[in-house]
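Each chain is listed here by its residues.
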Amino acid sequence: VRAVALADDGVSAISAADNGEIIWWNVNTGEELQRFQAAGAPLFSLAFNPSAATFFISGAEGGYVEVWRIFPLSELTTWTQNNRYIRALSCQERLLYQVEPYCDGQ
């Protein structure tokens, strides 16, 4: 671990490794909440946005800086449900999976 930052809420923390991997943690439970992969490596610094623990900044070798946003699971789930695309099944797939109504004439 190369860098660690604790959010003002006292519940969230992020850690960074030499390989550019960033992990968001729940400090109370020790649970890993989400992983990120930085473009620059190795990472040297991390900082939470003091006004919102959903944003943080990472700094890497060569002056590379990235701004990250942490999406709560509920927000990701809602976005996925609202933006997913489900294609129509072909006639062969309807027959294979026994999805009615089958195609015309079958």
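As a reminder, the structure under discussion sits directly above these lines.
1. Observations concerning the overall build of the protein
When helices and strands are counted, the protein shows two helices and seven strands. When the elements of the protein are put in sequence order from the N terminus, they spell out β-β-β-β-β-β-β-α-α. Whereas a compact globule of 106 residues would reach a radius of gyration of roughly 13 Å, the protein reaches 21 Å, over 25% beyond that. In terms of overall dimensions, the protein has a C-alpha envelope of 65 × 30 × 25 Å along the principal axes. The buried share among the 106 residues of the protein stands at 27%. Partitioning the intrachain contacts of the protein with sequence separation of at least 6 by distance along the chain shows that 27% fall at a separation of at least 24. On the protein, roughly 7400 Å² of surface is accessible, and the fraction owed to carbon and sulfur atoms is 54%.

2. Things to note about the state of the cysteines
Scanning all chains against the criterion turns up one disulfide. Between Cys91 and Cys103 runs a disulfide, and the two sulfur atoms are separated by 1.9 Å. Disulfide Cys91-Cys103: torsion about the S-S bond near -110°, hence left-handed. You can see Cys91 sitting in helix H2 (residues 91–96) and its partner Cys103 sitting in the segment after H2, a full twelve residues away along the chain. With relative accessibility at 16%, the residue Cys103 sits in the buried group.

3. Topic: the nonpolar core
Counting 16 residues, the largest nonpolar core has Ile14, Ile22, Phe36, Leu46, Phe48 and Phe56 as its most contacted members. The element that contributes the greatest number of residues to this core is strand E5 (residues 43–49), accounting for three residues. Discounting residues that sit within four places of it in the chain, Phe36 has contacts with Gly20, Glu21, Ile22, Trp24, Phe56, Trp68, Arg69 and Ile70.

4. Observations regarding the pattern of salt bridges
Counted according to the given criterion, the structure contains four salt bridges. A salt bridge links Arg35 to Glu32; the shortest N-O distance between them is 2.6 Å. Across the pair Arg87 and Glu93 runs a salt bridge whose closest N-O atoms are separated by 2.7 Å. Take Arg87: its relative accessible area is 47%, and that puts it in the partly exposed class. Salt bridges sharing common partners tie together Glu21, Glu32 and Arg35.

5. Some thoughts on the sheet that holds strand E1 (residues 3–6)
Pairing within the open sheet is antiparallel, and its four strands lie in the order E1-E2-E3-E4. Each edge of the open sheet is held by one strand with a lone partner, namely E1 and strand E4 (32–37). Strand-to-strand twist in this sheet, taken as the mean axis angle between neighbours without regard to direction, amounts to 15°. Bridge analysis of strand E3 (residues 21–26) against E4 gives five bridges, and the strand direction is antiparallel. Counterpart to Trp24 in the pairing with E4 is Gln34.

6. Brief notes about a nonpolar patch on the surface
A cluster of nonpolar residues, Phe55, Ile57, Val65 and Val67, forms a patch on the protein surface that exposes about 360 Å² of accessible area. The set of elements that each furnish at least two residues to the nonpolar patch consists of strand E6 (52–60) and strand E7 (64–69). Considering the arrangement of structural elements, one finds Val65 in strand E7. Judged by relative accessible area, which is 55%, Val65 ranks as exposed.

Calculation criteria
Residues numbered from 1 in each chain as written. Predicted model: local features only at pLDDT ≥ 70, side-chain atom pairs only at ≥ 80, totals over all residues. Heavy atoms only, no water. Helix = DSSP H or I, 4+ residues; strand = E, 2+ residues; numbered from the N terminus. Rg over C-alpha atoms; globule rule 2.2 N^0.38 Å. Buried < 20%, exposed > 50% of the residue type's maximum accessible area, 1.4 Å probe, protein only. Contact = heavy atoms within 4.5 Å. Areas by Shrake-Rupley, 256 points an atom, 1.4 Å probe, with all protein chains shown as cover. Disulfide = S-S within 2.5 Å. Core = buried A, V, L, I, M, F, W, Y, C linked by side-chain atoms within 4.5 Å. Salt bridge = Lys/Arg side-chain N within 4 Å of Asp/Glu carboxyl O. Pairing = 2+ DSSP bridges. Axes fitted to C-alpha atoms, helices over the stretch in contact; angles between N-to-C directions. Patch = residues over 30% accessible without salt bridge, like charges linked within 9 Å, V, L, I, M, F, W, Y side chains within 5 Å.

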